Amino acid sequence: VDSAELISGSIDAAHLASGVVGDNTPAFEVYMSANMTGIGVAYTKLVFDSEEFDTDSAWDTTNYRFTVPAGEDGKYVFHANMYFNIVGATTTYNDFSQLHIYKNGANIAHNYQHSGQHSDGNNVTVILPLVATDYIEFYCLTTGGTAPDYATIYTSNAITRTRAYGYKLIGI
């Protein structure tokens, strides 16, 4: 974009350049550095131990959670997606995955996805108000598969298939 017309007279190029209108931070994008195996019918926290970016150092790569920094109360968007494979001969078209977003240890958003018999994907998105010290985590489970492997959650160096991101909304 070479030029744009500003509708509000109170926002001009100087305000935009100075950051007065705000930005969408804190913001992060995380992914898994290795596949997770043995994912079954117990809720399992996704091991997002690597960061693409983390503007406010709010993602904990040890506990795999985002914590709202002091002074950053507001509405946030969170999204996660995962790619998985049900392992073993017991796989049926009735098998599914669940992908969950937890706030302060409680499930607040989830999606169920039928597996289509072996490999498939799942994603979930939520917008919610948060205050300082609230934290967000991502969990999954799968049905089907053969013990002890059940299912594998995949990541890849070339294409990071399982990832999560979040950012603060401005203007609302």
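Described below are features of the structure shown in this document. (Residues numbered from 1 in each chain as written. Predicted model: local features only at pLDDT ≥ 70, side-chain atom pairs only at ≥ 80, totals over all residues. Heavy atoms only, no water.)

### Looking at the overall build of the chain
This is how it is decided: Helix numbering and strand numbering both begin at the N terminus, where a helix is a DSSP run of H or I of at least 4 residues and a strand a DSSP run of E of at least 2. Buried, partly exposed and exposed residues are distinguished by accessible area as a fraction of the type maximum, computed with a 1.4 Å probe on protein chains only: under 20%, between the cut-offs, and over 50%, respectively. Here, Shrake-Rupley sampling with a 1.4 Å probe gives the accessible areas, and only protein chains in the shown set may cover a residue.
For the chain, the helix and strand inventory stands at one helix and twelve strands. Helices and strands appear in the chain in the N-to-C order α-β-β-β-β-β-β-β-β-β-β-β-β. Residues classed as buried in the chain amount to 37% of the 172 residues present. In the structure as shown, the chain presents an accessible area of about 9,000 Å², 51% of it carried by carbon and sulfur atoms.

### Let's talk about the side chain of Lys 168
For clarity, the cut-off: Counting of polar contacts relies on pairs of N or O atoms within 3.5 Å, with two restrictions inside protein: one atom must be capable of donating a hydrogen and the other of accepting it, and residues adjacent in sequence are counted only when both atoms are side-chain atoms. Only heavy atoms matter for contacts: two residues are in contact if any of them lie within 4.5 Å across the pair.
If you trace the backbone, Lys 168 turns up in strand β12 (residues 163-168). Judged by its relative accessible area of 15%, Lys 168 is buried. There is a polar contact of 3.1 Å between the side chain of Lys 168 and the side chain of Glu 72. Residue contacts for Lys 168: discarding those within four places in its chain leaves Asn 24, Thr 25, Pro 26, Gly 71, Glu 72, Asp 73, Gly 74, Lys 75 and Tyr 76.

### Considering the nonpolar core
So the rule is basically this: Joining through side-chain atoms within 4.5 Å is the link that ties buried Ala, Val, Leu, Ile, Met, Phe, Trp, Tyr and Cys residues into a set, and such a set is a nonpolar core.
Counting 30 residues, the largest nonpolar core has Leu 46, Phe 66, Phe 78, Phe 138 and Ile 153 as the members making the most contacts within it. Breaking this core down by element, the ones donating at least two residues are β1 (27-31), β6 (74-86), β7 (96-103), β9 (119-130), β10 (135-142) and β11 (151-154). With sequence-adjacent residues up to four places away left out, Phe 66 is seen in contact with Pro 26, Phe 28, Ala 58, Trp 59, Tyr 76, Phe 78, Asp 134, Tyr 135 and Ile 136.

### Considering the packing of aromatic side chains
As a reminder, the rule being used: Aromatic pairing here means that ring centres of Phe, Tyr or Trp (its six-membered ring) are within 6.5 Å. Orientation follows from the plane angle: under 30 degrees is stacked, over 60 is edge-to-face, and everything else is tilted.
Going through the model one piece at a time under the given rule, you end up with twelve aromatic pairs. Taken together, a centroid distance of 6.4 Å and an interplanar angle of 65° make the contact between Phe 48 and Trp 59 edge-to-face. With Phe 48 in the loop between β2 (44-45) and β3 (50-54) and Trp 59 in strand β4 (residues 59-60), this residue pair connects regions lying eleven residues apart in the sequence. Per residue, the accessibility class of Phe 48 equals that of Trp 59, and both read buried.

### What about the environment of Gly 105?
Among the structural elements, Gly 105 can be located in the loop between β7 and β8 (106-114). Along the primary structure Gly 105 and Asp 134 are separated by 29 residues, whereas in three dimensions their C-alpha atoms are 9.6 Å apart. Not counting the four nearest positions on each side in its chain, Gly 105 is found in contact with Tyr 135 and Glu 137.

### Some thoughts on the pattern of salt bridges
Which entries qualify depends on this criterion: Salt bridges are identified by distance alone: a Lys or Arg side-chain nitrogen within 4 Å of an Asp or Glu carboxyl oxygen.
A full pass over the atoms with the stated rule returns four salt bridges. Across the pair Lys 45 and Glu 137 runs a salt bridge, and its minimum N-O distance is 2.6 Å. Taken together, the positions of Lys 45 in strand β2 and Glu 137 in strand β10 put the pair 92 residues apart, joining distant regions of the chain. When the shortest N-O distance is used, the salt bridge between Arg 65 and Glu 137 registers 3.1 Å. Of this pair, Arg 65 sits in strand β5 (residues 65-67) while Glu 137 is found in strand β10, placing the two residues 72 residues apart along the sequence. For Arg 65, a relative accessible area of 23% translates into the label partly exposed. One network of salt bridges, with partners in common, ties together Lys 45, Arg 65 and Glu 137.

### Let's talk about the pairing of β10
Rules: Whether two strands pair depends on DSSP finding at least two bridges between them.
Within β10, eight of the eight residues are buried, which leaves the element mostly enclosed by the surrounding structure. Across the two faces of β10 the burial is the same, with Tyr 135, Glu 137, Tyr 139 and Leu 141 and Ile 136, Phe 138, Cys 140 and Thr 142 all buried. Bridge count between β2 and β10: two bridges; the pairing is antiparallel. From the neighbouring strand, Lys 45 faces β10, where its bridge partner is Tyr 139. Pairing analysis gives two bridges linking β5 to β10, with the strands arranged antiparallel. By the bridge assignment, Thr 67 is partnered in β10 with Tyr 135. Of the pairings in the sheet, the one linking β7 to β10 comprises seven bridges and is antiparallel in character. Bridge pairing in β10 places Ser 97 opposite Thr 142.

Function-wise, these values are silent; they only describe arrangement.
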